[in-house]
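Overview (structure and organization)
Single-letter residue listing:
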Amino acid sequence: MTDERARANLQPLSLHVPEPRFRPGDPVDFADVAVPPVDAARRPDTAADPRSFHELAFGLVRVLELDGTAGGQWNPRLSPDQMRRMLRNMALTRAFDERMFRAQRQGKTSFYMKSLGEEAVSIGAAAALADDDMCFPSYRQQGILLSRGCPLVDMMNQIYSNRGDKLMGRQLPIMYSEKRFGFFSISGNLTTQYPQAVGWAMASAAKGDTRIAATWCGEGSTAEGDFHSACTFASVYRAPVIFNVVNNQWAISSFSGFAGAEATTFAARAIGYGIAGLRVDGNDALAVYAATQWAAERARTNGGPTLIEHFTYRAEGHSTSDDPTQYRSAGEPNAWPLGDPVVRLRDHLIALGEWDEERHAQMDRELAEEVRAAQKEAEKNGVLGHGMHQPFETMFEGVFEQTPWHLKEQQAQMIAERQAAGI
Amino acid sequence: MTDERARANLQPLSLHVPEPRFRPGDPVDFADVAVPPVDAARRPDTAADPRSFHELAFGLVRVLELDGTAGGQWNPRLSPDQMRRMLRNMALTRAFDERMFRAQRQGKTSFYMKSLGEEAVSIGAAAALADDDMCFPSYRQQGILLSRGCPLVDMMNQIYSNRGDKLMGRQLPIMYSEKRFGFFSISGNLTTQYPQAVGWAMASAAKGDTRIAATWCGEGSTAEGDFHSACTFASVYRAPVIFNVVNNQWAISSFSGFAGAEATTFAARAIGYGIAGLRVDGNDALAVYAATQWAAERARTNGGPTLIEHFTYRAEGHSTSDDPTQYRSAGEPNAWPLGDPVVRLRDHLIALGEWDEERHAQMDRELAEEVRAAQKEAEKNGVLGHGMHQPFETMFEGVFEQTPWHLKEQQAQMIAERQAAGI
Amino acid sequence: MARMNMIQAINSALEVTMARDPDVIVMGEDVGYFGGVFRATAGLQAKYGKTRVFDTPITEIGIVGVAIGMGAYGLRPVPEIQFADYIYPALDQLVSEAARLRYRSAGDFTAPITVRSPYGGGIFGGQTHSQSPEGIFTHVSGIKTVIPSTPYDAKGLLIAAIEDNDPVLFLEPKRIYNGPFDGHYDRPSKNWGSHPAGEVPEDHYRVDLGTAATVRVGNDVTILAYGTMVHVALNTIEELGIDAEVIDLRTLVPLDIGAIEASVKKTGRCVIVHEATRTSGFGAELSALVQERCFHHLEAPVERVTGFDTPYPHSLEWAYFPGPVRIGEALKKVMKD
Amino acid sequence: MARMNMIQAINSALEVTMARDPDVIVMGEDVGYFGGVFRATAGLQAKYGKTRVFDTPITEIGIVGVAIGMGAYGLRPVPEIQFADYIYPALDQLVSEAARLRYRSAGDFTAPITVRSPYGGGIFGGQTHSQSPEGIFTHVSGIKTVIPSTPYDAKGLLIAAIEDNDPVLFLEPKRIYNGPFDGHYDRPSKNWGSHPAGEVPEDHYRVDLGTAATVRVGNDVTILAYGTMVHVALNTIEELGIDAEVIDLRTLVPLDIGAIEASVKKTGRCVIVHEATRTSGFGAELSALVQERCFHHLEAPVERVTGFDTPYPHSLEWAYFPGPVRIGEALKKVMKD
Ligand SMILES: Cc1ncc(C[n+]2csc(CCOP(=O)(O)OP(=O)(O)O)c2C)c(N)n1
Ligand SMILES: Cc1ncc(C[n+]2csc(CCOP(=O)(O)OP(=O)(O)O)c2C)c(N)n1
Ligand SMILES: [Mg+2]
Ligand SMILES: [Mg+2]
C-alpha cells in the first residue's frame, strides 16, 4: 500500500534485521569477541561517580586468565578455602542439573532448565553477598540456592511436584520459592522480579536495615518494560540493589542482537540511568565475586544500584523443551572463548597448588553420589507422572489468606462430583 | 516489622527521596543550570558512531546566544524568511493557547493544555522535518499542527467537541488526530505513541519508503515501559525514527528528579541503547531545528534512531486542572535561564536587521485577530456545555469497521428508551 | 464524628492506618508534596515524612512492582494509580505477581498491597479519565476488588483493605468524591454535607470486606449496584416510586452472595447497574450468579443496565452514562411481567 | 485438500495471506529463523524474507505497540505472543490503543492487527503456560476475540482475522494443536489424521468471524463451548449418551447470538463450558445473555463448567481441568429438572 511519493532524490530506506553469525552447519570463529587481559580494567572506589568509569560498561572485568593465573585490580584475593567452596558449589550445580535434566528425559517430570556454562554467575554472586541479602532470581540461578545450602531433596521435591513439595505442586519445576534462603518466588513471567527487587531494597533502606537486594535476568529479558521501570526507580531513590544481566548470548532461539547487543553492551544500559555499570567475564567466578562484592559495598554504603552484565554463554538448550541445534551452530559451545567456569577456577586452584585433578575427580564422584542419594530420597515422595500428589482440596487453599465462600463452594463441588463419579 | 539483625558493624541504609530545589515561597536561583556557549558543542557527521559523541548527551546544543547572536557548528544558517516563519508559528501557537485556555476558563470546554515556553520544541522540529514525515506527538505539540497549516477552526471544533468536530466529540480537548497533516491520534495514556512511532518507521523502512517518523514525550513520561520497548526496538532494527524527550522540568507536580534527572540527563538514555543522543537548548528554535535536521538526515540515510532531549521549562500549569503555585516557586518561570523562545528568535532576527519591534507587535495583533476570528467561526458549531452535539447513534459507530449486532442492539435500545422517556 | 466528603474520608483512612502501623506507606504519581491530583493524600507527607509518602516515576509497572517488593519485605504499601484508566500498564504485575504470589509460593511470600485508584465517568474526562475496569480484576483469582459509595464506607473499607493481607484493588468513584450524584447532569450538584454517610468517625474503624449493604429495603425488585450507581439507582426509584431493594455490593470479590440471594428470593426480580461496558462486565457475573441461585424465584429475566460497549465518549458522556432514564426503563421492563 | 494438524493449518493460513498480500508481516519472539516455539511460523522467513518475518525483542508492550504503528502505516501485522499468559504486559497497548484507535480518531487511523497466541491448559505448563485470558478481552470494546477448535476452522478464521480491518485476538488452544482431546488425560492421545476437520484446503478460504458452528445437533440440552472444550464436551455426551446440541462459538466477540438463541429455545437447557476461571469469565456473559433472551424457554438454570477460581496449578492440573466428570455432572444437573 506504500504511497509512491515524489522524493525521487532520496534513497529508499531499508530495514535492518539482526542475524547471528553462525547458523546450523556453520563453522564457528569467535576471534572477534574481545578478551581483554585481566589488568585492563581498573577498579574505581565504590563511592565513585558512575560518570567517572563509563569505560567499565564497555570493557570486561576479569581476574582469571585462561591459563589459570589470576591478577588485576579486581582480584578479590580469596583464600583457597573460599575458592574451593565456590568450585564445589559450581560442580554441585552442574551435577544437580545433569541429574534433573535426565530425570525429565526419563519422564519423571514435565520440565527442567540447566545452567550449564553459567554456573559462575550464581555461585560467584552468592559467595560475595551476605546470606541474608535478598535474591530475586530468574529461573537460571539455582546455583544461589545450592550455595546457600538449600537441601537438594527440597529442590527435587519441587521439581517432581510430589508429596514432599513445599510449594504443594503448584509451580512448574524449578520455579522455587525459598524465603529461608533469601530466594524470592520465581515467576514464569520474565523480568517482573526486577521492580520487586527494587521495592524490597527501598523498603530495607526506608527501615534502616542493612540488607540489600540482588536480582537477575537474561539479556533477552532486559527488553521488558519492567527492566526500565526497575532501573528508573532504583536510580531515583538510590536503592540498595544489584541488577544482574546474564548475557548468555541466547534467548531461546534469538541471539543477543535481538535484545540490542549489536549496538552496545548491556552494561551500557546503566549509563542511561546514571547508575554504576560493570561488564564482567561471567565465566570467571572470581570476577563475578569481585564485581558483586564491589556493588554490594556500594549499595550498603547508600551509594545506590549497580548493573552488572555477566558475559557468558548458554552451553545447552534453553530448557528441556528446546533443541538448540535447530538454530545455532553446534560448534558454538565449545568455541566460546571464555572457557568453562568450572575448569577455569579448577585450573587456578591447581596452579596455586591448592587442588589437583585427583581431588577434583574425587569431588565430582562425591557430588554425583550426593545428588543421586538425594534423588532417591526425593523419589520416595513420588515423581510427577499424571500429577495429583496433593490432596485435591489444597488446590483451593492459599488463593487468599482466608478462603472465601466461592472457593469453598467450588472445593465442595469438586469433592462431591468426584465422589459421585466414584473417583 | 523489620528484622532487627546482628550486623552491628554496618551503618543502617537510608532511602533517598528527591526534592526539588524550590517550593512555594522560595526565592529562585538557577545559577547552577549550566548554559554552555554556542560553540561548546561539536556537530559530528550524521553517519558517525554514537559512541564517538557521548559528550553531546551531557552538554547542550545551542545556536542562539541570549544576546540575539547566533553561532557554533550547529547553526543551521536559515534564511530570514524561514526564521520569520518559525517566529510566526511560535507566536501563533502562543496566541492560540492563550485564547483556548481562556475559553476553558469561560466554561466553553472541559479541558485545555498550553505549551507556553516550549513552543520552539514543536515549531523547530516541524520546520526541519518534511511535511509528510509522520509525527507521533504527546499532548503538548500543538505547534506541529499549526506549523503544518492545520486550520485553526478544525482544532477548535475538536476542543469544543462541537458539531464541527471531525473526531465526533469522542476525544478530550486537544487529543487531535490529523492524518492529512501527518499527526497521529493523541492518546491519553502516556508514551504509548513511542513504540507506535517505531513501528511506523520500521514499516516505512521495510517498504523502501523515504518518510521517517518522529515522536515526543515529556521527561516524566520517559519512565513508562513503552519508552524502553521503543528504544530497544529502534536500536535493534535501526528504525528511522526521532525520539524527542521534552524535558520541561515538571510532570504535573513532580520535578524531573522523579524521572531520574538527579542522576543523569535524559539524552543519556540514548547511550544505554547505543543510539545517537543529543541534548538541546529547547528554548532555542534554531538549535531544535538543527538537531532535528541532523537526526532526520541520519534516519533517512539508514543511520537509525536519534534521541533528542529538549531542555526547556513548562512556564504554566500542567493543564487547566492544575495550579502550579501549589508545589513550585512562583519565581521559577521568569528565572529560567534559557529565556523565552519567542523572544530569543525575535531578538536574533532584529539583530540581523530582519525584524523589528513594530513588525512583531503588528504580527501579534494579526495573529490574535486570526485566532479570534477562528474562534468565532468554531463557536458557530457550538461549545461543549453539556455536550451531546453529535447525533446519539454516532456513539455506536466506528467501534468496529462494521457495527456488530450487539452494538446495533444497544443503539436501538438507547433510541427507544429516549423516545419512551420523551427526550 | 466529623463531616467528610469522600476524599477527606479516604485521607482520614490513610492517616489513621499510618499512625497505627509504621509499615504503611503511600506512593504514587503526585501523591507526595502535592497530595495527589484529587488531594486524597494531602498533608500525609508533611506528617509522616518523605520515606513513607512519596512521589514516584510515571511508570505503573514500577509503582505496582515496587509495592509488591516492599510488601514482600514486610511493609504494607498503598500505591495510587492516578486514574484507573492507567492501570493497564501494571496489569502483569497485578495479575501475574500480586495476585499469584501467596499461592505460588505456598504462603512463603505475600503481597499485602492496596492499590487505590479513582475510576468511573461523569466528569467529562473523555476516554482515558472515565473507565471502569473492575470487571477485569474480578476475573483474576487472588485479588480483591472493593468499591465504596459513601465517605463512611470509603474510610472503613479502605482501612480494612490496608489491613488485609491480600492484594486489594480499591476503586474510588470519582464522580461522587464531593457529593452523591442523582444521575441528572443538569441539576445542581450536591455535597456530602447532609448525607448520613457523610458523618464519619475520626478514629479507626473497619467496614469488613465481603459485606454488602442493603441501602434501601424494598419488596418489588432488587437492584444490585456499587459506586456512583448506588446513588443514581436510589434516586431513580424514588422518582418513579418503585419499592425496590437496593444492595450496595461494596466488595465485588469476595462477593456478599448471601445478601444478594436473600433479596432476590424475596423480590423475584433483579436489575444490575454499573457504569462499565456491558459485555463481560461484572454485571454478567452477577446475572449468572442470580439465575444460578434464584432461578425458581425469578419472575422476569435479570436485567443489566450498563455502559455501552463503546469507548467512553467525551461529548456524548450524558447519553452514554447509565442514567435515570435507562435504569427506569429496565425497572419497568422487569416489573412488567 | 491436505491433512493438517492445527499448527500446520495456522502455518498455511499465514503462508496463504502472505502470498496474497505483501503487507502482511509476521513478528514475535522466536518466530523468525526458528519458526516459533510451537513451529507455527516455520518456513515463513525462508520464504518471505527477514523484513516480513522476524524475531523481536522480548517485550510484549513493544511487539504490540510496534505492530500498531505498522498497522497505522498501512501494513497488516500478525504479531505472536508466545503464550497467552504473557499478554498482560501488552494489555495497555491492546486496550488503550489497538482497540480504541479507530473510534478515537473517527476512522483516521486503524489497527488492522491480528495477535496470535497459544492459550489454555492440559500440557503440564503450570501457572504461566496454561491460562485462558479471553474473558478480559471480551470486555474490551473495539477488539475481536477468535478461538478455533479444529485445523479447518483455524485456517479459515485466521485468514478472516488477518483480512479484517479491526484488531483481532486469535487464541489458539495449544492442547489440541496436534489432535483433538477427549478430556481423558490417561488415554492415548489422538491426532487430527482421522478427524474430518483435519482435512484442510491448501488454498485461500475464510471462515467468517462472528459465525458459530453447530458441531452436533441435539434436542435435550445446548452446550456452548470453544477451543479444546468443544472436543471434551462432545466426548462427554457421547460417553453419557446425551442428546445435546453442541455449539462451537469460534468467535466470542462478535458473538453469533442467533445460533445460541435458536438452540437454547429449542432445547430449553444450557451448559456453558470453558477452561478459564469462573468468576467473570466469558461464561458469565453467555449465561447472562441466555437468560436475558431465552428466559421463558429455560427449564433449568444455565450451568457453567469452568476452571476453578484459583491460579492454574501444575501437579493438580487434571483435577483442575474441566473434564468429563464435571461436564457430566453439570449436564445431569441441568437435565434433572
Ligand atoms: C513475559 C514473558 N514473555 C515471554 C516469555 C517466554 N520466554 C521464556 S524464557 C524466554 C527467553 C529469555 O531469554 P533470556 O532473558 O536471555 O534468558 P536465558 O533463558 O538466556 O537465561 C522467553 C522468551 C516469558 N516467560 N515471559
Ligand atoms: C499511563 C499514564 N499514567 C499517568 C497519566 C497521568 N498523567 C498525565 S500527564 C502526566 C505528567 C506527564 O509529565 P511529562 O511527561 O513530563 O509531560 P509534560 O506534561 O511535562 O509535558 C501524568 C502523570 C497518564 N495520562 N497516563
Ligand atoms: Mg539469554
Ligand atoms: Mg514534563
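Going by the structure above, here's the rest.
Let us look at the structure shown here. (Residues numbered from 1 in each chain as written. Chains lettered and ligands numbered in written order. Predicted model: local features only at pLDDT ≥ 70, side-chain atom pairs only at ≥ 80, totals over all residues. Heavy atoms only, no water.)

**Quick word on the coordination of the magnesium ion (ligand 4)**
By definition of the ideal shapes, four donors in a tetrahedron about a metal sit 109.5 degrees apart, and six donors in an octahedron sit 90 or 180 degrees apart. Residue and element names in this part refer to chain B. In the first shell of the magnesium ion (ligand 4), the protein supplies E219 (OE), N248 (OD1) and W250 (O), at 2.1 to 2.2 Å from the metal. For the magnesium ion (ligand 4), the single-chain donor residues occur in sequence as E-x28-N-x1-W. Of this pair, E219 sits in the loop between β2 (213–218) and α6 (225–237) while W250 sits in strand β4 (residues 250–251), placing them 31 residues apart in sequence. W250 matches E219 in its accessibility class, with the two residues each being buried. (Donors = N, O, S within 2.8 Å, 3.2 Å for Na, K, Ca; no water. Helix = DSSP H or I, 4+ residues; strand = E, 2+ residues; numbered from the N terminus. Buried < 20%, exposed > 50% of the residue type's maximum accessible area, 1.4 Å probe, protein only.)

**A few points about the pattern of salt bridges**
Per the counting criterion, the structure on display carries 112 salt bridges over all chains. With a closest N to O distance of 3.0 Å, E316(A) and K114(A) form a salt bridge. With a gap of 202 residues between them, E316(A) in the loop between β7 (306–311) and α9 (332–335) and K114(A) in the loop between α1 (80–105) and α2 (119–128) connect regions that are remote in the sequence. A residue is classified by how much of its surface remains accessible, and E316(A), at 25% relative accessible area, is partly exposed. Looking at K114(A), the relative accessible area reads 7%, which means it is buried. Here R116(D) ties to E172(D) by a salt bridge, and the two come within 2.6 Å at their closest N and O atoms. Of this pair, R116(D) sits in strand β5 (residues 114–119) while E172(D) is found in strand β7 (residues 168–173), placing the two residues 56 residues apart along the sequence. Accessibility classification places R116(D) together with E172(D) in one group, the buried group. The network of salt bridges with shared partners includes R62(A), E65(A), D281(A), D284(A) and R344(A). (Salt bridge = Lys/Arg side-chain N within 4 Å of Asp/Glu carboxyl O.)

**Re unusual backbone geometry**
Residue and element names in this part refer to chain C. Backbone torsion omega between V253 and P254 reads -5°, so that peptide bond is classified as cis. Although it is not a glycine, D30 sits at a positive phi angle of roughly 65°. Tracing the sequence through the fold places D30 in the loop between β2 (24–28) and α2 (44–48).

**Comments concerning the coordination of the magnesium ion (ligand 3)**
Residues and elements named next belong to chain A. Those protein atoms acting as donors to the magnesium ion (ligand 3) are E219 (OE), N248 (OD1) and W250 (O), and they sit at 2.0 to 2.2 Å. One chain supplies every donor for the magnesium ion (ligand 3), spaced along it as E-x28-N-x1-W. Of the two residues, E219 is situated in the loop between β2 (213–218) and α6 (225–237) and N248 in the loop between β3 (241–247) and β4 (250–251); the sequence distance between them amounts to 29 residues. Comparing E219 with N248 shows no difference in burial state: the two are buried.

**Details of the sheet that holds strand β14 (residues 303–307) of chain C**
Residue and element names in this part refer to chain C. Taking strand neighbours across the sheet as the criterion, the five strands line up as β9-β11-β10-β13-β14 in an open arrangement whose pairing is mixed. Only two strands of the sheet have a single partner each, and these edge strands are β9 (213–216) and β14. When the angles between neighbouring strand axes are averaged without regard to direction, this sheet yields 25°. Note: strand β10 (residues 221–225) against strand β13 (residues 270–277), three bridges, orientation parallel. Counterpart to I223 in the pairing with β13 is V271. (Pairing = 2+ DSSP bridges. Axes fitted to C-alpha atoms, helices over the stretch in contact; angles between N-to-C directions.)

**Quick look at the site of ligand 1**
Around ligand 1, a shell composed of 20 residues is seen, among which Y139(A), R140(A), S221(A), W250(A) and E60(D) lie nearest. Per-site note: the chains with residues close to ligand 1 are chains A and D. In the environment of ligand 1, a nitrogen atom lies 2.8 Å from a nitrogen or oxygen atom belonging to the backbone of G188(A). Surface burial for ligand 1 is 96%, taken as the share of its 590 Å² of free accessible area covered by protein chains. Split by residue class, the shell around ligand 1 holds seven nonpolar, eight polar and five charged. (Near = heavy atom within 4 Å. Polar contact = N/O pair within 3.5 Å; in protein donor to acceptor, adjacent residues only side chain to side chain. Areas by Shrake-Rupley, 256 points an atom, 1.4 Å probe, with all protein chains shown as cover. Nonpolar A, V, L, I, M, F, W, Y, C, P; charged D, E, K, R; others polar.)

**Some details on the interface of chain B and chain C**
Of the residues lining the interface, 53 residues belong to chain B; the matching set on chain C comes to 47 residues. Roughly 4200 Å² of surface becomes buried between chain B and chain C when both sides are summed, with 62% attributable to carbon and sulfur atoms. Our count for the chain B to chain C interface comes out at two salt bridges. Here K50(C) ties to E19(B) by a salt bridge, and the two come within 3.8 Å at their closest N and O atoms. Put simply, chain B and chain C have 14 residue pairs in polar contact (both at pLDDT 80 or more) between them. At seven residues, helix α12 (residues 405–420) of chain B tops the list of elements feeding residues into the side of chain B that touches chain C. Across the side of chain B that touches chain C, the residue classes break down as 25 nonpolar, 21 polar and seven charged. (Contact = heavy atoms within 4.5 Å. Buried area = accessible area lost by both parts, 1.4 Å probe.)

**Examining the relation of the copies chain A and chain B**
For these two chains of identical sequence, chain A goes onto chain B by a turn of 180° and a shift of 0.0 Å along the axis, with RMSD 0.0 Å. Taken together, these values place the two copies in the relation of a two-fold axis. Residue G225(A), judged by its C-alpha, is the member of chain A lying nearest the rotation axis, at 1.9 Å. Interface overlap between copies: 100% of the residues of chain A at the interface are likewise at the interface in chain B, consistent with a symmetric, same-surface contact. (Least-squares fit on C-alpha atoms with pLDDT ≥ 70 in both.)

**Side note on the side chain of R104(D)**
Relative to the elements of secondary structure, R104(D) occurs in helix α5 (residues 101–104). A polar contact of 2.5 Å, which involves the side chain of R104(D), links it to the side chain of S185(B). Engagement of the side chain of R104(D) in a polar contact is seen with the backbone oxygen of S96(D), the distance being 3.2 Å. Setting aside residues up to four positions removed in sequence, R104(D) forms contacts with L167(B), Q171(B), F184(B), S185(B), I186(B), S187(B), Q127(C), S96(D) and E97(D).

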